[in-house]
Amino acid sequence: MATVGNFFYSPFIHHRPSPPPPPLQLKPFSASLTSHAPNSHIQTINIPTPVSTTNIRLDVQHSDRLTSSPDRASPRWFSPLDAGSSRLPNSPILLYLPGIGGSGFGLSLHHQRLGEMFDIWCLHIPPADRTPFPELVKLVERTVKYENQQSPERPIYLVGQSFGACLALAVAARNPQIDLVLVLANPATSFNGSQLRPLLPLLESVSKEVDAGLSYILNLITGTNSTLAAEISKILAAMSSDSDLSGLNEVFSMETFVWKLKLLDSACSSTNSRLHAVKAQTLILSSGKDQLLPSKQEGERLHRLIPKSDIRTFDESGHTLFMDQDQDLVTILKCTRFYRRSRNGDYVYDYLPPTDYEFKKARDSHRFVEALFSPVMFSTLEDGKIVKGLSGIPSTGPVIIVGYHMMLGLELAPLVANIYAERGILVRGVAHPLMFNKLKKGRMHDLSNYDIHRLMGAVPVSPTNFFKLLKSKSHILLYPGGMREALHRKGEEYKLFWPERSEFVRMAARFGAKIVPFGVVGEDDIGELVFDYDDQMKIPYFRRSIQEITEEVTQLRSDFEGEVANQDVHLPVMSPKLPGRFYYLFGKPIDTQGIQEELRNRDKAHELYLEVKSEVENCLSYLKDKRQNDPYRSILSRLAYQLKHGLETEIPTFEP
């Protein structure tokens, strides 16, 4: 990205807070980014050229010039942010490609947050513009190629709404060698299935014969279909009011509307013919209540056709998804792990912690677990004293929290949420790869089930990610027993299935990390395992299902022997009980600082590994014994207490 002055000959619109701007100065086209016109406030040209790293603001006092300037019929780029807005280092560029309205302001609700992560530029297509779809594709493509040439190590994000999604797909199909990330909201590749498509010939005829307002003609055509009419009106309103542009009245002319529909039709046909060539990483966002396009079905179709794609569906949203105040694009990118600043991405360094609002939403999504099981947390101080609360967990990292994995990992959400809420410490879980990708599409449930885990910092288990977390002084949650422990068999509750040899002690010692062993009990108070792995493998249907699902996910510990190597994916069946309570105990921290040299010896490291394992077992035994003294172990006694003292009142437990 090149730095420029106040004016350069490009398709950008350049605004700064200033006195009323002078008359627009236009110059012959120049591709140079160093050309200047010092007193000008708008950057504009008919031909697309590279964007600038200079952040600029398109404020309301200049917005009418988008449609009133002599060059108003020319597409151009603009940046919606203030000069000097701070961004993360090496932030990728984000090019927003608008929907049918063309204003470029479809991301206005998201500009500020996106501006912390991206260098944002938006494409403005004026109402009077009649550039055909192939030329618009070339316009975007030239910018993409230049930006890739300038920063080949960074991805380029193409975020497209409806028609803009077609532009993004078409550019990606023509440039499979460029590292593109597509984010597509309700792509107009389904326009041929829209209720508007059959009306196009009629609308075109009426526009030539009748001189009347668009709203009047649409009312005549749609007749009793008030839902469709309302959705069209909403789309047209979004073209104007949501864009903060007072000069978009032309959009409401019948001739312009017909042109937009013909442009959509052309984009749909052209893009669908090239879908097979799309190799870019793609996130498809589909609305469940889109009355203009069959977006939900189209999203599923595109997900099947595009190899490196993922999909999220928003059942309560309409066509203008990015204008829905209940949806946050930044949160979506974080949940889906679609934010990266390099070609390969980095689960540790590309991660952005949750905001307070995101944490609240994440915790609310698992609030039923806390409400049912009223988790109680204990920790151990440096002097060995056990106290209620989490004060015994070290504040500064690196810290490795190592413990027992309850059936189905039910202990995970309360653990991470309570540590973050009470101590402000974000615990980053080292998780099974099935939470992040599938080797192939099949019976495995959707990855969206793990969005909250990714939002809260989970990373796929690997030596590289573990190393990076330690190096960044993180608090790390580690389950040596893995899936075998979380999917144990009948009678195996509270039994540890740890590998024979140490997997983490020597690396922990390399960084002088503290190791905090912990135990959690309560699964035997919520249900009884009645149909486990051994039972399922005896039945051909379930055995075949387990084998098919297991083939879809990355296999771990394939070189191990014994029970810990048995990582087949299955879903145990439990018979529910009247819910009891979850109890956590975090043991005394074990400091490896100062004994790094000693722990280089494998035997010494193994001794410490066995000590950690023994401490976890001690935590489990302590909790199983002490919970007998909790008068509020049963949900009935807890409900009675809350009815008497208030639903938000903290429920007592045994004294440690």
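Remember, it's a predicted structure, so these values are computed and weren't measured experimentally.

**Re the environment of Lys334**
Within the element layout of this structure, Lys334 appears in helix H11 (residues 329–336). The buried category is assigned to Lys334, whose relative accessible area is 10%.

**Observations regarding the pattern of salt bridges**
Applying the stated rule across the entire model yields 28 salt bridges. A salt bridge links Asp525 to Arg627, with the nearest nitrogen and oxygen atoms 3.5 Å apart. With Asp525 in the loop between strand E15 (514–521) and strand E16 (527–531) and Arg627 in the loop between helix H22 (602–626) and helix H23 (635–645), the pair connects residues that are 102 residues apart, well separated along the chain. Of the two residues examined, Asp525 and Arg627, each falls in the buried class. Where salt bridges share partners, they join Arg113, Asp328, Lys334 and Glu358 into one cluster.

**Considering H22**
Residues separated by three or four positions in an α-helix point in the same direction, a consequence of the helix having 3.6 residues per turn. The first and last C-alpha atoms of H22 sit 36 Å apart over 25 residues, in line with the 36 Å expected at 1.5 Å per residue. The backbone nitrogen of Asp603 has a side-chain oxygen 2.8 Å away, supplied by the residue at the start of H22, namely Asn601.

**Remarks on the pairing of strand E12 (residues 427–431)**
On any regular strand, side chains alternate: one points to one face of the sheet, the next to the other face. Within E12, 5 of the 5 residues are buried, which leaves it mostly tucked inside the rest of the structure. Residues Val427, Gly429 and Ala431 of E12 are buried on one face, and the alternating residues Arg428 and Val430, pointing to the opposite face, are buried as well. Note that E12 and strand E13 (residues 459–460) share 2 bridges and pair parallel. Each residue of the ladder has a partner; that of Ala431, found in E13, is Pro460.

**Some details on the side chain of Asp535**
Its location among the elements puts Asp535 in helix H19 (residues 533–537). The buried category is assigned to Asp535, whose relative accessible area is 18%. Only 2.9 Å separates the side chain of Asp535 from the side chain of Lys490, close enough to count as a polar contact. Setting aside chain neighbours within four positions, we find Asp535 in contact with Lys490 and Val530.

**Focus: the nonpolar core**
Within the largest apolar cluster, 68 residues are counted, with the highest numbers of intra-cluster contacts made by Ile400, Ile401, Leu415, Ile419, Leu477, Phe504 and Phe586. Among the elements that make up this core, the one with the highest residue count is H22 (8 residues). Setting aside residues no more than four positions away along its own chain, Ile400 makes contact with Phe466, Leu470, Ile476, Leu478, Ala508, Ala513, Lys514, Ile515 and Val516. By size, the runner-up hydrophobic cluster in this structure holds 54 residues, among which are Leu95, Phe133, Val140 and Phe257.

**A look at the packing of aromatic side chains**
For the structure shown, the criterion picks out 18 aromatic pairs. Ring geometry for Tyr541 versus Phe542: centroids 5.3 Å apart, planes at 80 degrees, classification edge-to-face. The class for Tyr541 is partly exposed, based on a relative accessible area of 46%. Following the ring pairs from residue to residue traces out a cluster consisting of Phe118, Tyr157 and Tyr339. Positioned above the aromatic ring of Tyr347, the side-chain terminus of Arg337 is 4.0 Å from the ring centre.

**Some words on unusual backbone geometry**
The omega torsion across Gly397 and Pro398 is 5 degrees, close enough to zero to call that bond cis. Among the structural elements, Pro398 can be located in the loop between strand E10 (386–388) and strand E11 (399–403). Unusually for a residue other than glycine, Asn90 sits at a positive phi of about 55 degrees. Note on placement: Asn90 falls in the loop between strand E2 (76–78) and strand E3 (93–97). Taking relative accessible area as the criterion, Asn90 reaches 53% and is therefore assigned exposed.

**Some thoughts on the confidence of the model for the chain**
Do not read the fine detail of predicted coordinates wherever pLDDT is low. Considering every residue of the chain, the mean pLDDT works out to 81; 77% of them sit at 70 or more. Taken together, the stretch residues 1–71 has pLDDT below 50 and engages in 193 contacts with residues farther than four places along the chain or on a different chain. This model gives residues 238–251 a pLDDT under 50, and the stretch forms 36 contacts once residues within four places in sequence are excluded.

**Thoughts on helix H5 (residues 163–174)**
The first and last C-alpha atoms of H5 sit 17 Å apart over 12 residues, in line with the 16 Å expected at 1.5 Å per residue. Within H5, the full set of buried residues consists of Phe163, Gly164, Ala165, Cys166, Leu167, Ala168, Leu169, Ala170, Val171, Ala172 and Ala173.

**Here we look at the packing of H5 against helix H9 (residues 254–272)**
Two measures define how a pair of helices packs: the angle their axes make with one another and the distance between the axes. The contact between H5 and H9 brings their axes to 10 Å, and the two run at 35 degrees. Considering only the axes of H5 and H9, their crossing is left-handed. Every residue of H9 that contacts H5 at Phe163, Cys166, Leu169 and Ala170 is listed here: Leu263, Leu264, Ala267, Cys268 and Thr271.

**A few points about the environment of Arg506**
Mapped onto the fold, Arg506 is located in helix H18 (residues 505–510). Along the sequence, Arg506 and Ala605 sit 99 residues apart, while their C-alpha atoms lie 6.1 Å from each other. Those residues in contact with Arg506 that sit more than four places away from it in its chain are Leu599, Arg600, Arg602 and Ala605.

**Let's talk about the state of the cysteines**
Following the criterion strictly, the structure yields 0 disulfides and no others. Cys268 supplies the cysteine sulfur nearest to Cys166, a cysteine that is in no disulfide, at a spacing of 6.3 Å.

About the cut-offs
- Residues numbered from 1 in each chain as written.
- Predicted model: local features only at pLDDT ≥ 70, side-chain atom pairs only at ≥ 80, totals over all residues.
- Heavy atoms only, no water.
- Helix = DSSP H or I, 4+ residues; strand = E, 2+ residues; numbered from the N terminus.
- Buried < 20%, exposed > 50% of the residue type's maximum accessible area, 1.4 Å probe, protein only.
- Salt bridge = Lys/Arg side-chain N within 4 Å of Asp/Glu carboxyl O.
- Expected span 1.5 Å × (residues − 1).
- Polar contact = N/O pair within 3.5 Å; in protein donor to acceptor, adjacent residues only side chain to side chain.
- Pairing = 2+ DSSP bridges.
- Contact = heavy atoms within 4.5 Å.
- Core = buried A, V, L, I, M, F, W, Y, C linked by side-chain atoms within 4.5 Å.
- Phe/Tyr/Trp six-rings, centres within 6.5 Å; stacked < 30°, edge-to-face > 60°.
- Lys NZ or Arg CZ within 6 Å of the ring centre and 35° of its normal.
- pLDDT = per-residue confidence, 0-100.
- Axes fitted to C-alpha atoms, helices over the stretch in contact; angles between N-to-C directions.
- Left-handed = near helix turned anticlockwise from the far one by under 90°.
- Disulfide = S-S within 2.5 Å.

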